2 protein chains.
Amino acid sequence: MTLQHHLPADIERTSLAIITEELNQMGLIFPEDTAPVVKRVIHTTADFDYARNLHFTPGAVAAGIAALRSGTPIVTDTTMALAGISKPGLAKLGTTALCYVADPEVAAAAKQQGTTRAVAAVHKAAAAYPGAILAVGNAPTALLTIADQIEAGLRPALVIGVPVGFVNVVESKERLFAVCQECGVPAIVAMGRKGGSTVAAAICNALVYSAAEMLDPRARGWK
Amino acid sequence: MTLQHHLPADIERTSLAIITEELNQMGLIFPEDTAPVVKRVIHTTADFDYARNLHFTPGAVAAGIAALRSGTPIVTDTTMALAGISKPGLAKLGTTALCYVADPEVAAAAKQQGTTRAVAAVHKAAAAYPGAILAVGNAPTALLTIADQIEAGLRPALVIGVPVGFVNVVESKERLFAVCQECGVPAIVAMGRKGGSTVAAAICNALVYSAAEMLDPRARGWK
């Protein structure tokens with residue numbers, strides 16, 4: 001075997017150097033708050049489209065970090081996004097991440113109300129943790145329901161809106177972002193079709209690592 | 001709210017029609033075996049790069065479907081890929097999916113051998129299920145270890161090699177694919193930097209749904 005088995009920390013540093021260099025070549029330089037989020041999403045997807053797709057309301061990153069530091073939980077729309085969030089990071093912050101989509105109560109409520117489990121899960125999350133960080137990587141219907149709830153007065157600490165797909169996805173993200181801007185709710189949204197559970201988890205992890213000060217101090221490339 | 005809440009099956013059909021139409025516009029038409037895999041990965045990522053990135057050894061899809069029908073388990077490299085695989089599909093096939101990366105024995109073995117948990121997990125999987133479907137969405141070191149093991153005689157039913165990243169990833173996938181071709185091991189690999197846990201899960205699900213005949217018969221676009 002000719003390829004070396006690198007240490008994970010070395011791989012991360014080298015990857016970051018490549019990402020930063022290629023962003024520079026594209027003429028893209030990010031502010032100190034959003035850079036770690038954009039770079040971690042590119043690190044997770046190897047897709048530089050996210051350098052342009054990711055939109056932030058002003059102060060969204062700081063709001064997410066502050067919320068995590070005060071123990072605010074993250075609620076995801078899929079068990080896959082939940083599985084991707086750093087458990088050591090959450091533990092260091094003394095907080096947690098949850099997902100209601102497989103909850104039997106949510107399934108029953110969805111059936112009774114003739115809606116999807118994703119929508120019923122948002123209702124449950126809004127009732128249980130009205131000030132949570134809501135991370136949506138899959139279901140545009142969840143994002144639309146969050147937008148409705150925000151219009152009705154819900155104030156999550158942050159909405160991460162990055163569902164992926166071809167039907168209702170682009171529109172749901174535009175609507176969520178507009179509603180968040182209007183109502184002063186912090187939001188991080190991947191405009192366009194792209195996104196997914198790995199993107200949702202990557203954004204959560206960027207915030208978790210920043211909040212918990214778990215970034216490798218040698219990997220200065222994150223900023 | 002002006003956007004409609006579509007039914008999931010309708011969304012899938014419409015998404016497939018869009019994907020098929022855009023692939024046609026790109027002049028890309030896939031054989032009946034690989035089309036459902038390529039389309040499901042694009043459906044999961046909204047990234048048409050996979051139309052060119054995904055490489056298949058001859059008969060790889062049929063080998064994966066046959067293995068699943070005979071109850072072969074899927075072993076993934078991350079809990080995130082594991083979380084993304086359809087549990088109803090696996091149940092219908094009477095098989096299962098596993099991930100050893102969080103196994104305490106694997107952590108101990110990695111520490112003792114001075115290697116990564118991803119590598120130790122491959123060793124455990126190879127010992128426990130030498131004829132499994134191996135799905136790697138994250139760790140290039142896992143893919144390199146699988147390549148070594150195949151050279152040493154391991155014969156998995158199928159290797160799904162789709163790690164994502166900037167260091168060792170491109171090379172690990174090229175090496176795995178070459179070794180699989182040489183040794184007659186079926187493989188599905190996303191060449192280049194792109195991939196990830198969602199891609200690994202999407203490929204597994206394309207095979208699971210085909211094997212379990214769970215494709216919506218109205219969604220003819222899958223082929």
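Check the entry above for the structure.
Quick notes on the rules
Residues numbered from 1 in each chain as written. Chains lettered and ligands numbered in written order. Predicted model: local features only at pLDDT ≥ 70, side-chain atom pairs only at ≥ 80, totals over all residues. Heavy atoms only, no water. Salt bridge = Lys/Arg side-chain N within 4 Å of Asp/Glu carboxyl O. Helix = DSSP H or I, 4+ residues; strand = E, 2+ residues; numbered from the N terminus. Buried < 20%, exposed > 50% of the residue type's maximum accessible area, 1.4 Å probe, protein only. Phe/Tyr/Trp six-rings, centres within 6.5 Å; stacked < 30°, edge-to-face > 60°.

### Observations regarding the pattern of salt bridges
For the structure on display, the rule yields 20 salt bridges over all chains. With its nearest N and O atoms 2.7 Å apart, the salt bridge here joins A:Lys194 to A:Asp49. You can see A:Lys194 sitting in the loop between strand E6 (187-190) and helix H11 (197-211) and its partner A:Asp49 sitting in the loop between helix H2 (35-45) and helix H3 (50-53), a full 145 residues away along the chain. Classification of A:Lys194 as buried rests on a relative accessible area of 9%. Under the relative-accessibility criterion, A:Asp49 is labelled partly exposed at 39%. Measuring nitrogen to oxygen at the nearest pair gives 2.3 Å for the salt bridge that ties B:Asp148 to B:Arg175. Of this pair, B:Asp148 sits in helix H9 (residues 140-151) while B:Arg175 sits in helix H10 (residues 169-183), and the two are 27 residues apart along the sequence. B:Arg175 gets classed as buried once you look at its relative accessible area, which sits at 17%. If you follow the salt bridges from partner to partner, you end up with A:Asp47, A:Asp49, A:Lys194, B:Asp47, B:Asp49 and B:Lys194 in one network.

### Observations regarding the packing of aromatic side chains
The tally for this structure, following the rule as stated, stands at two aromatic pairs over all chains. Ring geometry for A:Phe48 and B:Phe166: centres 6.1 Å apart, planes at 85°, overall edge-to-face. In this pair, A:Phe48 sits in the loop between H2 and H3 while B:Phe166 sits in the loop between strand E5 (158-161) and H10, so the two residues belong to two different chains. Looking at A:Phe48, the relative accessible area reads 13%, which means it is buried.

Distances and angles like these do not, on their own, reveal function.
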